[in-house]
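For reference, the chains in residue letters:
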Amino acid sequence: MALNGKTAVVTGAAMGIGRSIAELLLQNGAKVAILDMNEAAGQSLVETLNKEHGPDRVLFLLCNVESGEEIKAAFQKTVETFGGIDILVNNAGIFNEIMWEKTIGINLAGCIRGAYLVIEHMNKLTGGRGGVIVNVASIAGIGLLSCCPVYTATKHGVVGFTRAFAAASVASGYGIRMNALCPGFAQTDLFSSVQSRLGQFSNLAGANQELIEKLGVLTSAEVVQGFLELVTDETKNGQALIVLPKEKKYATFPVSPTD
Ligand SMILES: NC(=O)C1=CN([C@@H]2O[C@H](COP(=O)(O)OP(=O)(O)OC[C@H]3O[C@@H](n4cnc5c(N)ncnc54)[C@H](O)[C@@H]3O)[C@@H](O)[C@H]2O)C=CC1
Ligand SMILES: CC/C=C\C[C@H](O)C(=O)/C=C/C=C/C=C\C=C\[C@@H](O)C/C=C\CCC(=O)O
């Protein structure tokens, strides 16, 4: 898929990794709808991006991914403004082992909500032109982080949903690909807040710090280096791309009887 002229929706794009993804898409010629619940940050970013890329390439829509109605309205406004949706990036996420139900509602349920609500705009069986969905999971969706079992569970859920949705879409003829981006630690507001949101297993903060020192910390710009291939390479479907400071690699999974 060539990006020039395509329309992308990025959730949680007012800052952090989502902002870097939106900027990369704009730099490659796409039009971008930025969905976020942080109105001040979203409006400020759009003003910046309008100056850099012109007034008709980027749109900010206030949207909480915990609400199906808000996602549905944002997708409809995007279609009315840009004429369709070719790319969805389910990026919005939080880290909070104390408010763990909220973490599940945003990281996993928010990702599923976005995917299921964008189908009507992409599905080739109902007049769509196909498309690609990238879910921002984490390397904690492949291995585990003992200090945060709920966050780990949400990201494992995102990876599992990605692989199963990708297979179902092919089997159904939707023409929609789905892949997961699985970064390691990255310097963002979420990362900075982790220590104060560890909850049940906050006693393991030291082990987490050792892991951070061992693996290093990515910038948001480094995180999205692998993102483009998940969108543009039409052979990538149901894949999970791990991005660490020293390497990028596709995760491998045990062969299952249903493969
Ligand atoms: N920072 C890190 O170390 C890593 C982050 N990730 C994942 O990357 C994604 C982005 O995280 P960061 O950029 O680090 O976080 P961040 O906190 O810097 O940015 C997250 C953005 O999402 C928005 N957001 C949060 N909840 C929302 C909701 N309910 N509805 C709409 N927008 C919402 C926030 O307002 C913010 O603009 C998350 O899914 C996170 O789990 C994955 C691996 C590593
Ligand atoms: C404590 C959580 C800190 C930040 C949250 C952030 O959003 C995030 O997701 C960071 C994840 C970082 C994980 C770093 C290392 C994980 C290591 C083990 O889980 C091994 C994982 C996978 C091995 C896969 C492989 O190498 O093939």
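Not measured: the values here are computed from a predicted model. (Residues numbered from 1 in each chain as written. Chains lettered and ligands numbered in written order. Predicted model: local features only at pLDDT ≥ 70, side-chain atom pairs only at ≥ 80, totals over all residues. Heavy atoms only, no water.)

Visitor: Give a description of the site of ligand 1 that names residues and reports values.
Guide: Around ligand 1, 29 residues are found, and the nearest of them are Asp36, Asn91, Tyr151, Ala186 and Thr188. Tyr151 places a polar side-chain atom, nitrogen or oxygen, 2.7 Å from an oxygen atom of ligand 1. Separating an oxygen atom of ligand 1 from a side-chain N or O atom of Thr188 is a distance of 2.5 Å. Bound to the protein, ligand 1 loses 94% of the 830 Å² it would expose on its own. Broken down by secondary-structure element, the contributors of at least two residues to the shell around ligand 1 are α1 (16–27), α5 (149–172) and α6 (189–193). The dominant element in the shell around ligand 1, judged by the number of residues it contributes, is α6, at three residues. Across the shell around ligand 1, the residue classes break down as 17 nonpolar, nine polar and three charged. (Near = heavy atom within 4 Å. Polar contact = N/O pair within 3.5 Å; in protein donor to acceptor, adjacent residues only side chain to side chain. Areas by Shrake-Rupley, 256 points an atom, 1.4 Å probe, with all protein chains shown as cover. Helix = DSSP H or I, 4+ residues; strand = E, 2+ residues; numbered from the N terminus. Nonpolar A, V, L, I, M, F, W, Y, C, P; charged D, E, K, R; others polar.)

Visitor: Before we move on, can you summarise the pairing of strand β4 (residues 87–90) with the specific residues and values?
Guide: The alternating pattern of β4 places Ile87 and Val89 and Leu88 and Asn90 on opposite faces, both of which are buried. Bridge count for strand β1 (residues 7–11) against β4 is three bridges, and the pairing is parallel. The residue bridging Val10 from the neighbouring strand is Val89, located in β4. (Buried < 20%, exposed > 50% of the residue type's maximum accessible area, 1.4 Å probe, protein only. Pairing = 2+ DSSP bridges.)

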